[in-house]
Amino acid sequence: MTIAKVNLENAFSLFSDHWSPKIVGDVNDTQVKLAKFEGRFDWHHHANENEMFFVLSGLMRIDLRDGAIDVGPGEFIIIPKGVEHCPEAIGGECSVMLIERAEIKHTGNIVTEKTVIEYERL
């Protein structure tokens, strides 16, 4: 196993697509992924996994069925399993670190054109 540090700025510069998480590390059965958000995602939930969104730049809104929560740079939010949610980048692109179980499908209980079948590793 190679031990290497990850420079987030460099890692984000390696891709430009939106809503397509990239794996940058593994911690036991959890993966650290980076994603760029632009516009609105799709309503979905994860039946068996919690999902963590850590905003590094930009502004993300998480719409929930009973309201919305804005998450800015340096802030994170954990969405419990089973909770329907819809992420959205507000006012432009948003860079996000996701910390989640390796087997999670980022579109949860739905399949759309945004669904990634196999995550790219940076």
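Please read all numbers here as calculations on a predicted model, not as lab measurements.

### Section: unusual backbone geometry
Right, on to step 1. The backbone of Trp19 sits at a positive phi, close to 60°, despite the residue not being glycine.
Right, on to step 2. Within the fold, Trp19 resides in the loop between helix 1 (8-13) and strand 1 (22-27).
Right, on to step 3. You will see that Asn28, though not glycine, has its phi angle at about 55°, which is positive.
Right, on to step 4. Looking at the element boundaries, Asn28 is found in the loop between strand 1 and strand 2 (30-37).
Right, on to step 5. Using a relative accessible area of 77% as the deciding quantity, one classes Asn28 as exposed.

### Remarks on the pairing of strand 1
Right, on to step 1. Bridge count between strand 1 and strand 2: five bridges; the pairing is antiparallel. Across the sheet, the residue bridging to Lys22 is Leu34, located in strand 2.
Right, on to step 2. As consecutive antiparallel partners, strand 1 and strand 2 are separated by two residues, and within that stretch Asn28 has a phi angle of approximately 55°, a positive value.
Right, on to step 3. Where strand 1 and strand 7 (residues 120-121) come together, two bridges link them in parallel fashion. In the strand pairing of strand 7, Lys22 is matched with Glu120.

### Some remarks on the nonpolar core
Right, on to step 1. Judged by nonpolar contacts, the single largest core of 16 residues is most densely connected at Phe37, Phe53, Met60, Ile62, Ile77, Cys94 and Val96.
Right, on to step 2. Sorting the residues of this core by element identifies strand 2, strand 3 (51-64), strand 5 (76-79) and strand 6 (85-101) as the ones contributing at least two each.
Right, on to step 3. Top contributing element to this core by residue count: strand 3, with five residues.
Right, on to step 4. Apart from residues lying up to four places away in sequence, Cys94 is in contact with Ala35, Lys36, Phe37, Val55, Ser57, Gly58, Leu59, Met60 and Ala89.
Right, on to step 5. Phe12, Val24, Val32 and Leu34 belong to the second-largest nonpolar core, a separate cluster that totals seven residues.

### Comments concerning the pattern of salt bridges
Right, on to step 1. Using the criterion set out here, one finds seven salt bridges in the structure.
Right, on to step 2. In this structure, the salt-bridge partner of Asp26 is Arg121, at a minimum N-O distance of 2.6 Å. With Asp26 in strand 1 and Arg121 in strand 7, the pair connects residues that are 95 residues apart, well separated along the chain.
Right, on to step 3. Under the relative-accessibility criterion, Asp26 is labelled partly exposed at 43%.
Right, on to step 4. Judged by its relative accessible area of 48%, Arg121 is partly exposed.
Right, on to step 5. For Arg40, the salt bridge is made with Glu88, and the minimal N-O distance between the two is 3.0 Å. Residue Arg40 is found in the loop between strand 2 and strand 3, and its partner Glu88 is found in strand 6; the two are separated by 48 residues along the sequence.
Right, on to step 6. The exposure class assigned to Arg40 is partly exposed, which follows from its relative accessible area of 36%.
Right, on to step 7. Glu88 gets classed as buried once you look at its relative accessible area, which sits at 19%.
Right, on to step 8. Through salt bridges with shared partners, one network takes in Arg40, Asp63 and Glu88.

### Description of the packing of aromatic side chains
Right, on to step 1. On inspection of all chains with the given rule, the structure shows five aromatic pairs.
Right, on to step 2. Ring geometry for Phe12 against Phe15: centres 5.8 Å apart, planes inclined by 35°, an arrangement best described as tilted. Taken individually, Phe12 and Phe15 each receive the classification buried, so the pair is uniform in this respect.
Right, on to step 3. Each residue in the set Trp19, Phe37, Phe41 and Phe53 is aromatic and connected to the rest through ring pairs, giving one cluster.
Right, on to step 4. In this structure, Lys36 packs its charged tip against the face of Phe15, placed 5.1 Å from the ring centre.

The rules we used
Residues numbered from 1 in each chain as written. Predicted model: local features only at pLDDT ≥ 70, side-chain atom pairs only at ≥ 80, totals over all residues. Heavy atoms only, no water. Helix = DSSP H or I, 4+ residues; strand = E, 2+ residues; numbered from the N terminus. Buried < 20%, exposed > 50% of the residue type's maximum accessible area, 1.4 Å probe, protein only. Pairing = 2+ DSSP bridges. Core = buried A, V, L, I, M, F, W, Y, C linked by side-chain atoms within 4.5 Å. Contact = heavy atoms within 4.5 Å. Salt bridge = Lys/Arg side-chain N within 4 Å of Asp/Glu carboxyl O. Phe/Tyr/Trp six-rings, centres within 6.5 Å; stacked < 30°, edge-to-face > 60°. Lys NZ or Arg CZ within 6 Å of the ring centre and 35° of its normal.

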